[in-house]
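Chain by chain, the residues:
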Amino acid sequence: MPQSLVKNYVHIVFSTKHREDFIDENIEKELFAYIATLCKDFGSLALQIGGTDNHIHILCSLSRKIALMKLVQEIKAHSSKWIKTKGEKYKNFFWQDGYGAFSVSEESVYVVIHYIKNQRKHHQQIPYKDEMIGILQKHKMDYDEKYMWD
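Keep in mind that this is a model prediction, so the values were computed, not measured.

Conventions adopted
Residues numbered from 1 in each chain as written. Predicted model: local features only at pLDDT ≥ 70, side-chain atom pairs only at ≥ 80, totals over all residues. Heavy atoms only, no water. Helix = DSSP H or I, 4+ residues; strand = E, 2+ residues; numbered from the N terminus. Rg over C-alpha atoms; globule rule 2.2 N^0.38 Å. Buried < 20%, exposed > 50% of the residue type's maximum accessible area, 1.4 Å probe, protein only. Contact = heavy atoms within 4.5 Å. Lys, Arg positive; Asp, Glu negative; His and termini not counted. Charge placed at Lys NZ, Arg CZ, Asp CG, Glu CD. Salt bridge = Lys/Arg side-chain N within 4 Å of Asp/Glu carboxyl O. Expected span 1.5 Å × (residues − 1). Arc of directions from axis to C-beta.

Engineer: It is not clear to me how the overall build of the protein should be interpreted in this structure. Could you clarify?
Structural biologist: A tally of regular secondary structure across the protein gives five helices and four strands. Listed N to C, the secondary structure of the protein is β-α-β-β-α-β-α-α-α in terms of helices and strands. Relative to the globule expectation of 15 Å for 150 residues, the C-alpha radius of gyration of the protein, 15 Å, shows essentially globular dimensions. With the C-alpha coordinates of the protein rotated into their principal frame, the extents come out at 55 × 35 × 30 Å. Within the protein, the fraction of its 150 residues that count as buried is 45%. Partitioning the contacts of the protein with sequence separation of at least 6, the portion at a separation of at least 24 is 71%. Computed over 21 positive and 19 negative side-chain charges, the inter-centroid distance for the protein is 5 Å.

Engineer: Can you walk me through the pattern of salt bridges in this structure?
Structural biologist: When charged atoms on two side chains of opposite charge get close, those side chains can pair. Taken as a whole and assessed by the stated rule, the structure comprises eight salt bridges. Put simply, E28, D53 and R120 are held in one network by salt bridges that share partners.

Engineer: Could you clarify how one ought to interpret helix α1 (residues 28-41) in this entry?
Structural biologist: Quick reminder: α-helices carry 3.6 residues per turn. Residues three or four places apart thus point the same way. Look at α1: 20 Å from first C-alpha to last across 14 residues, which is about the 20 Å you get at 1.5 Å a residue. Among all positions of α1, only E28, L31, F32, I35, L38 and C39 are buried. Across the axial projection of α1, the buried residues extend over an arc of 115°, all falling on one side. Among the exposed residues of α1, those oriented more than 90 degrees off its buried face are K29, K40 and D41. Structurally, α1 contributes buried residues whose contacts are with β2 (45-52), β3 (55-62), α2 (68-83) and α4 (119-122). In the stretch just after α1, G43 is the one whose phi turns positive, near 75°.

Engineer: Looking at this structure, how should I read the side chain of D24?
Structural biologist: By the secondary structure assignment, D24 is in the loop between β1 (8-15) and α1. Look past the residues within four positions of D24 in its chain and what remains in contact with it is D53, K89, Y90 and R120.

In structure tokens:
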């Protein structure tokens, strides 16, 4: 085939370092817009970004020109530098070292978009740790919990 045709939807999840509550409702829209721009700059259209005070979810169409690990690394590095310019409250902001990334079928895109849009409501009842373990179990992923919560 003379051309490369790729369509990979990826649901990316990562938290603030030690799940510190940095992403308040005063900054989240601007942060999510900034992250959407970063995704676009790396050829990976963000379909939905959402989260709570201590973690975010990104649903994007991953570009064929960038590795997932590189995209997450760039998002974290640039957004961390950016958020630290937003005031004294954010000067000690860091993302956790790791991340979770999960493939999403074409048929499930709208379900995941809805899920991400409703993160604040969702987390009134389910803590982040339980959510992540549930996602990992849903995707039948092996994990060692002692390495998950930096």
